[in-house]
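Coordinates in review
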Protein chains: 2
Amino acid sequence: MTNSVPSSDIKPEQEFDSDAVRNANPLRFAEEIRISAPFKLENGGILPEIRIVYETYGKLNTAKNNVILVCHALSGDSHAAAHSPDDDPGWWDILIGPGKPLDTNKYFVICSNCLGGCRGTTGPDSINPETGHRYGMDFPEITIGDIVEVQRLLLDNLGIDKLLCVIGGSLGGANALEWTIRYPARVVSAIPLASGAHLTSQALAFDIVARNAIHSDPNFHEGKYHEKGTVPADGLAIARMLGHITYLSRDGMMKKFGSARNHGRDIKTKFETKFSVGSYLAHQGDKFVERFDANSYLVLSTALDNFNLGETPEELQEALRNTTCRWLILSFSTDWLFPPFLSREITDALLAVGKRVNYCNIQSECGHDAFLLSNDFAYYGEMIRSFIDNTAYEQAAGTPPPFVRPDRLDYDLILDLFPKNASVLDLGCGRGGLLARLRQQNNDNIIGIEVKEKYVLSCIQRGIDVVQADLNEGLNMFADGQFDFVVLSKTLQTVLDVEFVLDEMLRVGKRCIVSFPNLGYKDYRKRLCEEGLAPNPDAGDSVHEWYKTQNVRFLTLTDFEEFCRMKNIQIYNRIALDTKKHQPVNENPNENADMIITVISERVKET
Amino acid sequence: MTNSVPSSDIKPEQEFDSDAVRNANPLRFAEEIRISAPFKLENGGILPEIRIVYETYGKLNTAKNNVILVCHALSGDSHAAAHSPDDDPGWWDILIGPGKPLDTNKYFVICSNCLGGCRGTTGPDSINPETGHRYGMDFPEITIGDIVEVQRLLLDNLGIDKLLCVIGGSLGGANALEWTIRYPARVVSAIPLASGAHLTSQALAFDIVARNAIHSDPNFHEGKYHEKGTVPADGLAIARMLGHITYLSRDGMMKKFGSARNHGRDIKTKFETKFSVGSYLAHQGDKFVERFDANSYLVLSTALDNFNLGETPEELQEALRNTTCRWLILSFSTDWLFPPFLSREITDALLAVGKRVNYCNIQSECGHDAFLLSNDFAYYGEMIRSFIDNTAYEQAAGTPPPFVRPDRLDYDLILDLFPKNASVLDLGCGRGGLLARLRQQNNDNIIGIEVKEKYVLSCIQRGIDVVQADLNEGLNMFADGQFDFVVLSKTLQTVLDVEFVLDEMLRVGKRCIVSFPNLGYKDYRKRLCEEGLAPNPDAGDSVHEWYKTQNVRFLTLTDFEEFCRMKNIQIYNRIALDTKKHQPVNENPNENADMIITVISERVKET
């Protein structure tokens with residue numbers, strides 16, 4: 001092996017950082033239940049008994065309303081977190097523990113090894129009590145639904161009815177989704193991360209090639225490798241290598257392996273190690289064979305491949321229509337195994353059927369692995385924490401969490417325009433100041449759209465439902481006339497395609513409220529005509545310079561009124577403000593007002 | 001096999017469209033030369049003889065200056081195109097033939113099977129004359145450089161000294177790159193498509209897993225499978241399946257396989273076929289085994305993996321510094337095997353060392369396969385055609401191709417500002433109107449940057465060197481003071497980050513010419529102050545409405561002068577124009593001129 005670095009020179013923790021988490025193995029604190037009744041599977045198979053291995057963290061409260069169910073990914077297990085300082089690390093230690101987002105001082109966290117797995121719960125590796133042999137390839141085909149049913153059995157046995165939250169990433173996200181559909185009344189909130197309602201064709205293709213590699217391994221023996229005393233190590237290792245490629249982002253791989261490209265580690269393996277990325281893959285493949293069962297891999301990856309809540313928006317809406325939980329859906333920008341659009345699909349379907357949903361696409365370099373890593377935790381960890389805490393608060397108090405209300409004249413004026421409990425969509429909602437005011441009136445028929453990640457976090461912290469999206473891409477997810485009011489507050493002038501954005505808001509709102517700075521204001525006129533300088537309208541961002549203002553569209557009240565005439569838009573109400581004097585303007589508003597608030601709708605609706 | 005559609009119901013051409021091209025096999029028109037002298041390889045190995053199989057199209061002219069060398073990808077061969085209407089299709093039929101971009105009425109096109117291949121040219125499948133057996137795994141390690149040396153042998157034998165163009169995609173692009181470096185004096189122009197100066201870590205990882213699959217196949221027998229009478233069919237098929245995933249884009253796969261997700265074709269194969277994408281991969285894998293040799297796959301993929309012209313900008317610049325050809329570099333937006341940034345890396349390195357380079361990232365849904373398909377041919381085919389035709393014209397005439405000159409006062413005024421043969425960078429060059437005027441003066445020290453694909457095509461058609469890039473991302477590829485002049489003509493007002501773009505142009509240009517519409521013009525003042533409407537400065541795009549103009553920044557001459565004072569920018573020259581009257585303005589330009597042209601530089605340079 002030329003160009004190799006001796007393995008003693010590199011600590012495994014340094015090069016193979018996600019490995020420590022993925023290969024964690026101890027089950028010292030695991031508990032177990034056995035259910036000896038036959039268990040009927042969704043696709044017709046029957047298992048004569050079910051064994052469930054699980055771990056718990058924190059204490060169940062007397063109201064039994066502090067339960068969080070954690071669902072693991074394909075190769076995970078019940079050991080989600082360490083139980084004590086001297087315990088071995090769990091795969092989601094960053095998230096679970098005292099003071100952490102799933103705060104075990106407050107919540108009772110349960111994680112069970114899933115059906116079909118190979119870490120205690122019944123799976124192909126288990127002994128079939130009817131034959132005395134391992135199931136192997138005779139293990140019946142299972143679905144994500146079957147995995148949920150086994151978890152339900154566990155909860156029933158523990159005397160737990162409601163889940164404050166069901167949370168999981170990847171396959172665990174599919175697992176969480178299935179819970180919300182099968183048992184809507186038992187799920188208060190759900191957090192699927194790095195997940196989807198189905199795989200992409202590309203991800204499906206990788207799974208198929210992985211299974212072909214296992215099936216082709218001559219040591220596989222049609223799944224009866226235990227009886228033959230062999231292990232399909234080559235096939236399983238190759239499957240795992242493929243998996244690891246899909247867990248990392250392209251740029252992340254480049255950073256990890258680019259600089260030492262040709263310097264593979266001199267590890268003991270039969271696989272190619274001459275490139276650094278090659279020795280990494282060989283290591284991951286070999287380690288996986290030591291801890292995972294090939295038949296389990298086949299069973300679980302097939303269950304995930306068959307998971308499909310719908311390919312069209314209509315199918316997805318239908319699948320999710322009866323869910324009743326509050327949602328936090330998270331994707332990661334460089335995840336190409338479960339690309340962000342899959343999470344948006346779910347979000348959009350939920351919005352279309354009027355559910356309370358939050359969504360954010362976390363900016364990350366870490367690819368699919370991001371949900372297991374601390375790199376982007378400042379955002380997604382805090383979102384999970386706030387979302388669960390606020391959901392628990394609402395559940396207990398029956399009211400939204402308290403909110404400190406800063407002074408905003410324009411918000412107060414807009415608030416007066418809404419009838420009680422009107423459904424409201426706020427486009428470009430920022431930190432949710434307007435929606436928080438509505439929420440204090442106990443209106444939960446409201447939602448914000450915001451593009452900036454940090455503002456999305458602020459909204460979630462305030463308990464405001466918010467979806468991260470770019471207005472310029474339209475409002476496809478909403479039906480015609482879905483909202484009583486759509487608000488575009490001080491945002492029109494920052495939008496490039498004004499016609500498209502206004503068309504979209506007029507489509508989904510029965511009434512729309514649009515506010516914007518008025519270029520016709522006397523100070524701006526004076527600036528151009530007397531001083532020869534470009535006007536610098538203020539939109540609350542306190543950056544006025546022509547070369548860096550966030551404003552990209554400049555209009556007067558007269559421009560807007562002409563635009564409405566031309567586009568057949570009805571103006572119902574118009575409030576003109578002099579914000580410097582903090583007062584409404586009645587006379588000659590195009591010259592005397594620096595800010596305009598209008599209420600508009602499509603004229604055709606009124607005829 | 002449940003849910004399967006009988007294969008008789010679907011014609012292979014329908015579902016497996018790119019397959020017909022990839023699996024084309026006939027060599028009826030192939031010619032061959034044998035060179036019996038020992039051939040020394042770059043890494044020390046020696047081949048006792050070299051056999052080269054090649055095909056030619058069109059006629060060599062007497063000046064022998066119409067030769068185009070076509071380089072194939074990993075699994076290609078010499079049969080790049082059909083030789084007659086009744087001939088079998090070639091893998092690049094869309095590009096090569098009478099009247100096509102590589103027009104065989106004008107050019108003499110050569111394509112040879114590359115060293116290490118398995119379609120006639122010496123490779124691991126060939127008989128080693130010294131042993132009488134096939135080389136197999138004893139075939140020495142080869143490099144992309146060795147592949148070029150064998151092609152050079154062929155050209156020498158054909159009496160051909162110069163290549164008008166060397167062109168190739170994927171591994172063929174690496175092959176073309178290597179030609180420009182090894183034999184700069186023999187290459188007039190080069191077109192690497194869907195290629196790179198090295199693989200990404202991700203692409204490298206896929207190759208490694210593919211090789212691991214072949215090596216792990218028990219029928220591989222350390223490469224001596226011929227002697228054992230076996231074929232490592234499973235391993236080679238799995239390698240090919242992986243390859244095919246990387247050839248398609250994610251969205252392309254979704255379109256191709258999404259709707260019939262669960263309906264695999266009922267084909268005869270040992271691989272999984274229950275999903276439609278699975279039966280596609282099984283088919284591709286099986287077909288590949290019939291026509292390709294596993295050792296060849298190992299040898300060629302290893303050669304490509306070892307190809308690395310440099311990872312840093314400096315290394316790449318060093319590698320390309322001595323090239324002398326004119327370049328057209330093409331990437332495809334959804335190619336994730338050779339992502340566009342790899343082509344930009346090469347482009348940027350060439351720009352940094354002052355080469356004549358064109359680049360475009362073709363918008364495509366077809367992934368890496370795009371360069372073999374007709375879907376995006378309207379752009380990339382025309383770019384190739386124009387580039388080669390114009391290069392041939394320049395080579396023959398010694399002057400640029402003729403250019404019809406439309407009337408543009410501002411261009412004429414700007415032209416007067418350049419000394420003869422000044423090096424000029426035109427930012428946002430559009431269809432190249434200004435640069436074409438300079439080019440007519442036989443100045444070839446000029447280049448344009450343009451973001452729109454259709455304008456890039458126009459520039460290439462005019463013989464203007466142009467690089468597709470977004471000004472907002474900066475000018476990293478250029479050194480400080482690299483150009484005598486940098487031009488930003490009527491573009492400043494469309495740029496969001498004005499400070500950054502101006503900083504960048506002042507950094508790379510000794511002098512900069514900036515023109516922009518003046519908001520202080522009397523008509524605009526009148527419009528705001530007398531009519532109460534937003535000013536509507538004209539920047540030549542003839543869209544003036546406030547809600548859809550491409551202008552996003554609004555400034556007066558005074559604003560610009562103040563900006564320059566604040567940023568310590570020296571204004572050397574200022575031309576104020578009334579474009580409606582078609583005349584310069586001397587008096588009170590901030591009120592009387594609607595268009596300003598300035599010549600500026602960083603002040604610090606002058607002290």
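For the structure itself, consult the block above.
The model shown is predicted, which means the values in this text are computed figures rather than measured ones. (Residues numbered from 1 in each chain as written. Chains lettered and ligands numbered in written order. Predicted model: local features only at pLDDT ≥ 70, side-chain atom pairs only at ≥ 80, totals over all residues. Heavy atoms only, no water.)

Before going further, it helps to examine the overall build of chain A. Within chain A, the secondary structure is distributed over 20 helices and 22 strands. For 607 residues, the compact-globule formula gives about 25 Å, and the C-alpha radius of gyration of chain A, at 28 Å, lands near that figure. Based on the C-alpha atoms only, the size of chain A along its principal axes is roughly 90 × 60 × 45 Å. Looking at chain A residue by residue over its 607 residues, the buried ones come to 62%. For chain A, the computed accessible surface area is about 22,100 Å², with 48% contributed by carbon and sulfur atoms. (Helix = DSSP H or I, 4+ residues; strand = E, 2+ residues; numbered from the N terminus. Rg over C-alpha atoms; globule rule 2.2 N^0.38 Å. Buried < 20%, exposed > 50% of the residue type's maximum accessible area, 1.4 Å probe, protein only. Areas by Shrake-Rupley, 256 points an atom, 1.4 Å probe, with all protein chains shown as cover.)

A separate point is the relation of the copies chain A and chain B. When chain A is fitted onto chain B, the two copies agree to an RMSD of 0.0 Å after a turn of 180° and an axial shift of 0.0 Å. Between the two chains, the operation in question is that of a two-fold axis. Judged by C-alpha distance, A:V552 is the residue of chain A that lies nearest the rotation axis, at 2.3 Å. Of the interface residues in chain A, 100% have counterparts in chain B that sit at the interface too, so the contact is made through matching surfaces. (Least-squares fit on C-alpha atoms with pLDDT ≥ 70 in both. Contact = heavy atoms within 4.5 Å.)

Further remarks concern helix 8 (residues 250-257) of chain B. Among the residues making up helix 8 of chain B, those that are buried are B:M253, B:M254 and B:F257. End-on view of helix 8 of chain B: buried residues confined to an arc of 100°, all on one side of the axis. (Arc of directions from axis to C-beta.)

This part covers the layout of surface pockets. Its boundaries defined by the atoms lining it, the largest pocket holds a volume of some 1,300 Å³. Lining of the largest pocket is provided by 45 residues; of these, A:G428, A:S489, A:K490, A:T491 and A:Q550 occupy positions nearest its centre. Residue assignment for the lining of the largest pocket shows that the elements contributing at least two residues are helix 14 (409-415), helix 15 (433-440) and strand 16 (446-450) of chain A. A per-element tally of the lining of the largest pocket places helix 14 of chain A first, with three residues. In the lining of the largest pocket, the residues fall into 16 nonpolar, 13 polar and 16 charged. Reported here for the second largest pocket is a volume of approximately 1,100 Å³. If you trace the second largest pocket, you find 36 residues lining it, with B:G428, B:E450, B:Y455, B:T491 and B:Q550 closest to the centre. For the lining of the second largest pocket, the secondary-structure elements that each account for two or more residues are helix 15 (433-440) and strand 16 (446-450) of chain B. A total of three residues in the lining of the second largest pocket trace back to one element, the largest contributor, which is helix 15 of chain B. Here the lining of the second largest pocket is built from residues that sort into 14 nonpolar, eleven polar and eleven charged. (1 Å grid on protein atoms, 1.4 Å probe; cavity = no way out; pocket = protein on both sides within 12 Å on 5 of 7 lines; lining within 4 Å. Points joined across faces, edges and corners; volume = space filled by probe spheres on them. Nonpolar A, V, L, I, M, F, W, Y, C, P; charged D, E, K, R; others polar.)

The full count for this structure, using the stated rule, is 75 salt bridges over all chains. For the salt bridge of A:R51 with A:E32, the shortest nitrogen-to-oxygen distance reads 2.6 Å. Residue A:R51 is found in strand 5 (residues 50-57), and its partner A:E32 is found in strand 2 (residues 31-35); the two are separated by 19 residues along the sequence. Its salt-bridge partner being B:R356, residue B:D465 comes within 2.7 Å of it at the nearest N-O pair. Of the two residues, B:D465 is situated in the loop between helix 16 (453-461) and strand 17 (466-468) and B:R356 in the loop between helix 12 (340-352) and strand 14 (357-362); the sequence distance between them amounts to 109 residues. B:D465 gets classed as buried once you look at its relative accessible area, which sits at 4%. Since its relative accessible area comes to 18%, B:R356 is described here as buried. Salt bridges sharing common partners tie together A:E42, A:E149, A:R152, A:D156, A:D161, A:E178, A:R182 and A:R186. (Salt bridge = Lys/Arg side-chain N within 4 Å of Asp/Glu carboxyl O.)

Read these as geometric descriptors, not functional statements.
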